[in-house]
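Survey of secondary and tertiary structure
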Amino acid sequence: MVVPSSVSVAMEKGSLRVRTIGPATSLSAEHTEDHDHGGRDHREDDAAWKMKMEGEEEPLSPCGRLYHTLCLNVSVVVIFGFATKIDVNVLKERMEKTWIRHPRFSSKLLLDVKKGQKERWVRTKVNSDDHFIVLDLDQDMENPDQFIEDYASDLSSTPVDLSKPLWEFHVLNVKTSNAESVGIFKIHHSLGDGMSLVSLTLAASRKSSKPEELPSIPTSMKPVSKSGNRSLYMYLVAIWLMLQLIWNTLLGITHLLATALFLRDTNTLIDSKEVTVHSKKRIVHRVISLDDIKLVKNETNTTINDVVVGLTGAALSRYLHATSHERSISAETDCPKKEVRLRANVAVNVREADGIQDLADMMDKGSKCKWGNVTGCIVIPLHVAVEKDPLEYIRKAKLVIDKKKLSFDAKVTYYLIRFGQSLLGLKLSARLMYGVASNTTVMFSNVVGPAEEIDFCGHRVAYITPTARTAQGHAPGVVIHFMSYMNKMSVAVCANQDMLPEPHKLLDDVEGSLRDMKKVVLERKLNRKGLD
């Protein structure tokens with residue numbers, strides 16, 4: 001196989017050797033029995049499965065087509081921290097029985113099609129040796145955390161090989177500050193949206209406490225009215241909410257189209273017009289306390305999403321304020337004493353994903369299941385200003401998010417993407433979406449992960465960090481991803497090095513802002529107890 005350039009860079013540092021794994025050796029009886037969650041030996045029907053599936057075709061979705069255009073060619077890099085060393089043979093064996101059985105992960109993409117034909121997925125025989133990259137690392141390297149960041153950053157800058165199914169798994173058996181070993185998935189975004197990829201990961205996992213059970217994702221329960229009465233007041237409220245929904249949707253779509261065409265964020269240190277989108281990007285991540293976030297959430301009567309959006313605005317405010325002083329730059333343009341226009345574009349899932357059990361059944365039995373990129377896009381303003389009360393960032397975030405909840409922005413943009421390609425063509429549709437990315441400063445996402453500890457393909461997970469969706473033509477200066485897991489929240493930042501030469505400082509500001517918010521909350525609780 002061809003060694004990716006990320007590996008070549010690491011080799012220059014003299015810290016690793018590269019090898020690909022060969023055919024999996026036979027597992028011990030203990031490993032084989034532990035894998036067989038369904039109570040039968042999968043090896044008996046492997047040949048029949050491959051014969052049944054090979055050659056099946058399915059068209060590439062409209063969103064998937066966008067992700068293969070020059071300006072929006074996007075990959076996802078997901079970092080798994082494991083609590084144990086990775087047993088490559090066990091990992092490979094189990095992924096062959098789960099992950100590789102999924103149609104998207106066992107299909108090649110045909111982009112070079114004849115006139116009148118559509119780009120399509122074609123099922124193929126997967127040679128797992130082409131997808132697993134195992135690094136033989138120096139266990140006594142000086143700074144393993146830095147090495148992981150360098151490797152992930154360099155890996156994200158290389159294109160995905162279109163001659164095989166569009167994914168790779170890199171095994172790095174080296175101890176870091178948060179894990180005993182690290183695995184890095186590189187997946188092309190056309191394979192699926194964030195919700196689909198998280199659900200698939202959990203379908204290939206099991207609860208650590210109950211190895212026979214699939215993990216679950218926490219969901220919020222919507223209150224259901226038990227009253228059958230429908231007074232005139234209730235009807236008036238319903239009409240008012242409907243009018244608000246229509247108005248908020250019209251404003252949101254108008255704002256989105258203006259952003260795609262001309263409405264640009266204020267020029268700040270992290271969104272310089274002089275920096276090219278092809279500049280090298282760097283990926284860094286950190287694990288913070290989800291319990292602290294929940295403490296702030298409960299005190300402010302908001303949601304976790306409200307808190308992390310407010311936390312993002314607070315961290316960017318601190319970063320811009322401190323950095324502008326360090327560089328002696330005019331406060332009028334870069335030090336946010338006055339509020340600036342700094343926005344985030346957010347991809348939003350617009351359909352109810354099938355359950356984790358449905359995906360597990362699809363991989364196990366070949367049943368049908370919904371899959372793909374079914375996402376819309378919204379643009380949200382981030383409150384970037386100097387505030388004495390750190391909770392003000394959360395209040396501002398809640399006002400914005402509540403309006404977005406009462407709108408159809410995401411669904412409308414999904415259908416614009418879906419049908420716009422027929423009316424405007426693929427290239428123009430891609431340019432409009434690229435306009436949204438290039439005229440906003442931040443790409444943001446917050447993914448809900450499992451609340452309990454899980455084992456992924458036989459390996460206990462310490463943390464999961466879905467890092468930035470990166471590509472040559474990807475424009476935002478900063479991409480920020482949050483993902484919860486147990487009592488932890490992973491924060492990943494993908495930053496253009498020309499704009500954010502020290503992205504760790506932004507992570508420091510995330511931690512510092514959360515610490516300030518927690519301090520205010522605890523002080524208020526103590527004051528209430530004093531009054532009682």
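Residues numbered from 1 in each chain as written. Predicted model: local features only at pLDDT ≥ 70, side-chain atom pairs only at ≥ 80, totals over all residues. Heavy atoms only, no water.

Digging into the packing of aromatic side chains
Taken as a whole and assessed by the stated rule, the structure comprises 16 aromatic pairs. Centre to centre, the rings of W99 and F105 are 4.9 Å apart; their planes meet at 70 degrees, and the pair counts as edge-to-face. The same class applies to W99 as to F105, namely buried. Summarising the aromatic geometry, the rings of F185 and F456 are spaced 6.1 Å apart at their centres and angled 75 degrees between planes, so their arrangement reads as edge-to-face. Of this pair, F185 sits in strand 8 (residues 181–188) while F456 is found in strand 14 (residues 454–456), placing the two residues 271 residues apart along the sequence. (Phe/Tyr/Trp six-rings, centres within 6.5 Å; stacked < 30°, edge-to-face > 60°. Buried < 20%, exposed > 50% of the residue type's maximum accessible area, 1.4 Å probe, protein only. Helix = DSSP H or I, 4+ residues; strand = E, 2+ residues; numbered from the N terminus.)

Section: the sheet that holds strand 4 (residues 107–110)
Hydrogen bonding along the main chain pairs the strands of a sheet, whether they run parallel or antiparallel. If you walk across this open sheet you meet the 3 strands as 2-5-4, and the pairing is antiparallel. Single-partner strands in this sheet number two, and they are strand 2 (57–59) and strand 4. Across the sheet, the mean angle from the axis of one strand to that of its neighbour is 25 degrees, orientation sign disregarded. Both strand 4 and strand 5 (residues 120–123) contribute to a ladder of 4 bridges, which runs antiparallel. Counted as the bridge partner of K108 is V122 from strand 5. (Pairing = 2+ DSSP bridges. Axes fitted to C-alpha atoms, helices over the stretch in contact; angles between N-to-C directions.)

Some points on the pattern of salt bridges
Pairing is possible between side chains of opposite charge, provided their charged atoms come close. Under the criterion given, the structure shown has 25 salt bridges. The shortest N-O distance in the salt bridge between E452 and K207 comes to 3.9 Å. Of this pair, E452 sits in the loop between strand 13 (442–447) and strand 14 while K207 sits in strand 9 (residues 205–207); the two residues are 245 residues apart in sequence, bridging distant segments of the chain. Connected through salt bridges with shared partners, the residues D389, E392, R395 and R524 form a single ionic network. (Salt bridge = Lys/Arg side-chain N within 4 Å of Asp/Glu carboxyl O.)

Let's talk about the packing of helix 9 (residues 290–300) against helix 15 (residues 503–531)
Where helix 9 meets helix 15, the axes come as close as 9 Å, and the angle between the chain directions of the two elements is 50 degrees. Taken together, helix 9 and helix 15 sit at an angle that is classed as oblique. The interaxial crossing formed by helix 9 with helix 15 has left-handed handedness. Of the residues in helix 15, those in contact with D292, I293, L295, V296 and E299 of helix 9 are L514, M517, K518, V521, L522, R524, K525 and R528. Here the contact of helix 9 with helix 15 is composed, by residue class, of 7 nonpolar, no polar and 6 charged. (Parallel < 35°, antiparallel > 145°, perpendicular 65-115°, else oblique. Left-handed = near helix turned anticlockwise from the far one by under 90°. Contact = heavy atoms within 4.5 Å. Nonpolar A, V, L, I, M, F, W, Y, C, P; charged D, E, K, R; others polar.)

Digging into the environment of T312
Looking at the secondary structure, you find T312 in helix 10 (residues 304–326). Among the residues examined, T312 registers a relative accessible area of 2% and is labelled buried.

Quick notes on the packing of helix 8 (residues 232–261) against helix 14 (residues 426–439)
Interaxial distance between helix 8 and helix 14 falls to 7 Å at its minimum, and their mutual angle equals 85 degrees. Between helix 8 and helix 14, the interaxial angle falls into the category roughly perpendicular. Residues L256, T259, A260 and L261 of helix 8 form the contact with helix 14, whose own contacting residues are L432, G435, V436 and N439. Of the residues belonging to the contact of helix 8 with helix 14, the class tally is 5 nonpolar, 3 polar and no charged.

Some details on a nonpolar patch on the surface
There is a patch of nonpolar side chains on the surface, built from L232, Y235, L236, I239, W240, L241 and L243 and spanning about 780 Å² of accessible area. If you trace the backbone, L241 turns up in helix 8. (Patch = residues over 30% accessible without salt bridge, like charges linked within 9 Å, V, L, I, M, F, W, Y side chains within 5 Å. Areas by Shrake-Rupley, 256 points an atom, 1.4 Å probe, with all protein chains shown as cover.)

As for unusual backbone geometry
The backbone of C457 shows a phi angle near 50 degrees, a positive value even though the residue is not glycine. Checked against the element boundaries, C457 lands in the loop between strand 14 and strand 15 (459–466). Accessibility expressed as a relative area gives 3% for C457, which makes it buried. Although it is not a glycine, M486 adopts a positive phi angle of roughly 55 degrees. Among the structural elements, M486 can be located in the loop between strand 16 (478–485) and strand 17 (488–496).

Thoughts on helix 8
Relative to the 44 Å expected for 30 residues at 1.5 Å per residue, helix 8 spans 44 Å between its end C-alpha atoms, a close match to the ideal helical length. Within helix 8 the residues assigned to the buried category are L245, N248, T249, G252, I253, L256, A258, T259 and A260. For helix 8, the secondary structure elements touched by its buried residues are strand 11 (343–349), strand 12 (375–381), helix 12 (392–405), helix 13 (409–424) and helix 14. (Expected span 1.5 Å × (residues − 1).)

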